[in-house]
Amino acid sequence: MAPIAVGDVVPEGTISFFDENDQLQTVSVHALAAGKKVILFGVPGAFTPTCSMKHVPGFIEKAEELRSKGVDEIICFSVNDPFVMKAWGKTYPENKHVKFVADGSGEYTKLLGLELDLTDKGLGVRSRRFALLLDNLKVTVANVESGGEFTVSSADDILKAL
């Protein structure tokens, strides 16, 4: 499948996360993003170096600025289980606005056409690194990285596009 692109409507599918009451929620992406301006940024894996030290911290640091430009939700997305995503999110005690969500089986990643085969590195099939800006489910920015790069999907790249 071709990767999601500007002008596309994000496919319907489900993701999972732990809410503020520590309850596991499995929700429709459409229900989460409909009628909102949402940043969905994907990483190859929780606790991995670039993801943990650069990608996620950038969105946490720039969250207030992004929200001031009309962003309603900032969602960190990975092919990991919701328990791992919850634990990873807790390593950022300063975080107030980034929601850590799981695509445990990689099904939603496949619907986006953004899978990355890291089997040769012992990681299986993961998500490519990306940042999508959605406006009422429609992709207005699609910054998708090649391989393991981190050159176009940062919080600053999204800020420039807003």
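Residues numbered from 1 in each chain as written. Predicted model: local features only at pLDDT ≥ 70, side-chain atom pairs only at ≥ 80, totals over all residues. Heavy atoms only, no water.

Asker: Which parts of the structure should I look at to understand the environment of Glu-149?
Answerer: Secondary-structure assignment places Glu-149 in the loop between β9 (138-144) and α6 (155-161). Glu-149 sits 51 residues away from Val-98 along the chain, and the two C-alpha atoms are 22 Å apart. (Helix = DSSP H or I, 4+ residues; strand = E, 2+ residues; numbered from the N terminus.)

Asker: Please clarify how the packing of aromatic side chains should be interpreted in this entry.
Answerer: Centre distance and the angle of the planes are the two values used to describe a pair of aromatic rings. Counted by the stated rule, this structure contains 8 aromatic pairs. Centre to centre, the rings of Phe-77 and Tyr-108 are 6.1 Å apart; their planes meet at 70°, and the pair counts as edge-to-face. Of this pair, Phe-77 sits in strand β4 (residues 73-78) while Tyr-108 sits in helix α5 (residues 107-112); the two residues are 31 residues apart in sequence, bridging distant segments of the chain. We classify Phe-77 as buried; its relative accessible area is 1%. In this structure, Lys-86 packs its charged tip against the face of Phe-18, placed 4.5 Å from the ring centre. Just above the ring of Phe-17 sits the side chain of Lys-99; from NZ or CZ to the centre is 4.5 Å. (Phe/Tyr/Trp six-rings, centres within 6.5 Å; stacked < 30°, edge-to-face > 60°. Buried < 20%, exposed > 50% of the residue type's maximum accessible area, 1.4 Å probe, protein only. Lys NZ or Arg CZ within 6 Å of the ring centre and 35° of its normal.)

Asker: For this particular structure, what's the right way to read the environment of Ile-60?
Answerer: Inspection of the secondary structure puts Ile-60 in helix α2 (residues 49-61). Overall, the relative accessible area of 9% leaves Ile-60 in the buried class. Spatially, the C-alpha atoms of Ile-60 and Leu-40 are 13 Å apart, while their sequence positions differ by 20 residues. Filtering out sequence-adjacent residues up to four positions away, Ile-60 remains in contact with Tyr-92, Glu-94, Asn-95 and Val-98. (Contact = heavy atoms within 4.5 Å.)

Asker: Can you help me understand the UniProt feature "active site" (unreviewed entry) in the chain in this one?
Answerer: According to UniProt, the feature "active site" (unreviewed entry) maps to Cys-51 in the numbering used here. Those residues in contact with Cys-51, other than ones at most four positions away along the chain, are Val-43, Pro-44, Gly-45, Val-56, Pro-57, Trp-88, Tyr-92 and Arg-129. (UniProt positions renumbered as here; feature names shortened; annotations may be inferred.)

Asker: When you look at unusual backbone geometry in this model, what are you seeing that I'm missing?
Answerer: Most of the time, phi is negative for any residue but glycine, and the peptide bond is trans. Positioned with a positive phi, Phe-47 is a non-glycine residue whose angle comes to about 65°. With respect to the helices and strands, Phe-47 occurs in the loop between β3 (37-43) and α2.

Asker: Help me understand the pattern of salt bridges in this model?
Answerer: Counted under the stated rule, the structure contains 5 salt bridges. Its salt-bridge partner being Glu-73, residue Lys-36 comes within 3.4 Å of it at the nearest N-O pair. On the criterion of sequence distance, the pair formed by Lys-36 in the loop between α1 (29-33) and β3 and Glu-73 in strand β4 is long-range, its members being 37 residues apart. Relative accessible area serves as the criterion here: at 15%, Glu-73 is assigned to the buried category. (Salt bridge = Lys/Arg side-chain N within 4 Å of Asp/Glu carboxyl O.)

Asker: Sorry, what's going on with the environment of Ala-102 here?
Answerer: Of note, Ala-102 is situated in strand β5 (residues 98-102). Those residues in contact with Ala-102 that lie beyond four places of it in its chain are Ile-15, Ser-16, Ser-78, Asn-80, Asp-81, Pro-82 and Met-85.

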